[in-house]
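Descriptive structure summary
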Amino acid sequence: MKNRMIIILLSIVVILLVASAIVFIAGGIFSNPKYVEPWKKSYSKKFDDPRIQLAAHGILAANGHNMQPWKIKLDADKDVFYLFADSEHLTKEVDPFARQTMITQGTFLEYVRVAGEKLGYETNIVLFPDGEYDEQNLAGSMNNKPVAKITLTKVEPKNSVLYDFMFLPDTNRAAYQKTQLTSDQIKQLIAINTDKDMTIKIFQDKENIKKLGNYAVKGAEIESSIHRINQESSNIFRSNEYKKNKYRYGFSVEGQGTTGIMKYVMQGLITLVPSINNEKNSADIYVKSTQMVVDNTPAYVMIITKDNSRIEQVKSGMLYSRLILTAHSLGFVMQPPSQVLEEYTEMKEQYNKIHSNYAPKDSTIQMFLRMGKPTQEFPQSMRRDVMDLVDGK
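1. Overview of the nonpolar core
Counting residues in hydrophobic clusters, the biggest one holds 66 residues, and the most contacted among them are Phe108 and Leu323. Not counting residues up to four positions away in its chain, the partners in contact with phenylalanine 108 are Ala55, Gly58, Ile59, Ala61, Trp70, Ile72, Leu83 and Leu389. Ranked by size, the runner-up nonpolar core spans 17 residues in total, among them Ala216, Tyr300, Ile354 and Tyr358.

Spelled out as structure tokens, the structure:
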């Protein structure tokens, strides 16, 4: 009898070990995470061309839905390169007018500028050098018209105070400490904006914290209830290490802060039993996590532009990058609960309300962010190999 019990227990242990091994292997525990290599400070040094070196920094910038919709064209003049929006990396359901995509072009350009200072290059950035897009043929225009022409001039390297913060994740979706910004910190953040057509607003009074938190939750509830949007998100969800290495853009479990052994457990389970990550479960988790972070947010920030032109969208992205890096230098992190700013039909009522409450007439809220001191570090997200962005390589 005793021997039989030992055999049964050993069998259970073996089954559990085999099951665990299957889960870990399915999750990709033995895969080399090439998708995080661009985050290494040494990554850009692999390339001799300074334009590629700077672009290798640009790909670390914040970008909508981690689509990384950038293309680089190297000019015959070795001091010149062009940035194009990648029309094959759009999220048309949540970003029907490509406004977020244009903001993403700006975040890239500002990281290029900051990296240029450190590497010893002055970056002259001219937006839409061949004219703005034909909005009736947006994808075609994106393919043919550059967002920016970047011309490099060799100068003495500067000790950039922001450079090191480029290698931190741009978004932290965890709870934040209750610590609010001091008046000096607020002044420092607002002072980074020198464009009269843009405004940074910071809110940390109880009334606005509650009101803006409600907008964030309402936006999450609306978006998570729309099947076509959930399908779009599902299409770019990378469930394991193999897919993350293959695509290197989109969503993954790291987006919710899952790291270490639990990352591989979650990835393995989702890979083996995809129904775990079904639409209803994902929506419920999304809304609950939004409510949790809203309940732990001491401040909100907005970037507002005088109009909504393509140039203003790009410039707001450049300002957003400066804001992220400056906030990091002060010990703060950010997350954009930006669903309420998206321009699809179901969000129209909330979009109009938040603009009526917080934006002057005819102006546009380009970015809506929560901000605070972090309670935990957040993992780095997938990044493409910079050479995959080079057109005609």
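2. Details of empty space enclosed by the protein
For the coordinates displayed, the defined rule picks out 2 cavities of 30 Å³ or more. Its boundaries defined by the atoms lining it, the largest cavity holds a volume of some 50 Å³. If you go around the largest cavity, the residues you meet are Gly64, His65, Met67, Pro69, His89, Leu90, Thr91, Asp95, Gln100, Thr101 and Thr104. Across the lining of the largest cavity, the residue classes break down as 3 nonpolar, 7 polar and 1 charged. Roughly 30 Å³ of volume is contained in the second largest cavity. Along its surface, the second largest cavity is lined by Pro38, Lys40, Lys41, Tyr43, Ser44, Ala56, His57, Leu60 and Phe167.

3. Some details on the pairing of strand S1 (residues 70-74)
When S1 meets strand S2 (residues 80-85), the two strands line up antiparallel, connected through 5 bridges. Directly across from isoleucine 72, in S2, lies its bridge partner leucine 83. Joining the antiparallel neighbours S1 and S2 is a turn of 5 residues.

4. What about helix H10 (residues 279-294)?
Taking 1.5 Å as the rise per residue, H10 with 16 residues should run 22 Å; its terminal C-alpha atoms sit 22 Å apart, in good agreement. When H10 is considered as a whole, its buried residues turn out to be Ala283, Val287, Ser289, Thr290, Val293 and Val294. Taken around the axis of H10, the buried residues stretch over an arc of 165 degrees, which confines them to a single face. Exposed residues lying more than 90 degrees from the buried face of H10 are Lys280, Ile285 and Lys288. Elements in contact with the buried residues of H10: helix H6 (206-224), strand S6 (299-305), strand S7 (333-335) and strand S8 (364-372).

5. Structural notes on the pattern of salt bridges
The final tally for this structure, using the stated rule, is 19 salt bridges. Put simply, arginine 322 and glutamate 110 hold a salt bridge, and the shortest N to O gap is 3.3 Å. Of this pair, arginine 322 sits in helix H11 (residues 310-329) while glutamate 110 sits in helix H3 (residues 99-119), placing them 212 residues apart in sequence. Just as arginine 322 is buried, glutamate 110 falls in that class too. Between glutamate 254 and lysine 244 there is a salt bridge, with the nearest N and O atoms lying 2.6 Å from each other. Of this pair, glutamate 254 sits in the loop between helix H8 (241-247) and helix H9 (260-272) while lysine 244 sits in helix H8, and the two are 10 residues apart along the sequence. Of the two residues examined, glutamate 254 and lysine 244, each falls in the buried class.

6. Things to note about the sheet that holds strand S4 (residues 148-154)
Spatially, 4 strands are ordered S1-S2-S4-S3 in an open sheet, and the strand pairing comes out antiparallel. Only two strands of the sheet have a single neighbouring strand rather than two, namely S1 and strand S3 (121-127). Averaged over all pairs of adjacent strands, the angle between their axes in this sheet comes to 25 degrees, without regard to strand direction. Relative to S4, S2 runs antiparallel, the two being bridged by 4 bridges. Among the inter-strand pairings, tyrosine 82 is bridged to a residue of S4, identified as lysine 149. Running over the sheet, helix H2 (residues 50-58) touches S1, S2, S3 and S4 and is turned about 170 degrees from S1.

The rules behind each value
- Residues numbered from 1 in each chain as written.
- Predicted model: local features only at pLDDT ≥ 70, side-chain atom pairs only at ≥ 80, totals over all residues.
- Heavy atoms only, no water.
- Core = buried A, V, L, I, M, F, W, Y, C linked by side-chain atoms within 4.5 Å.
- Buried < 20%, exposed > 50% of the residue type's maximum accessible area, 1.4 Å probe, protein only.
- Contact = heavy atoms within 4.5 Å.
- 1 Å grid on protein atoms, 1.4 Å probe; cavity = no way out; pocket = protein on both sides within 12 Å on 5 of 7 lines; lining within 4 Å.
- Points joined across faces, edges and corners; volume = space filled by probe spheres on them.
- Nonpolar A, V, L, I, M, F, W, Y, C, P; charged D, E, K, R; others polar.
- Pairing = 2+ DSSP bridges.
- Helix = DSSP H or I, 4+ residues; strand = E, 2+ residues; numbered from the N terminus.
- Expected span 1.5 Å × (residues − 1).
- Arc of directions from axis to C-beta.
- Salt bridge = Lys/Arg side-chain N within 4 Å of Asp/Glu carboxyl O.
- Axes fitted to C-alpha atoms, helices over the stretch in contact; angles between N-to-C directions.

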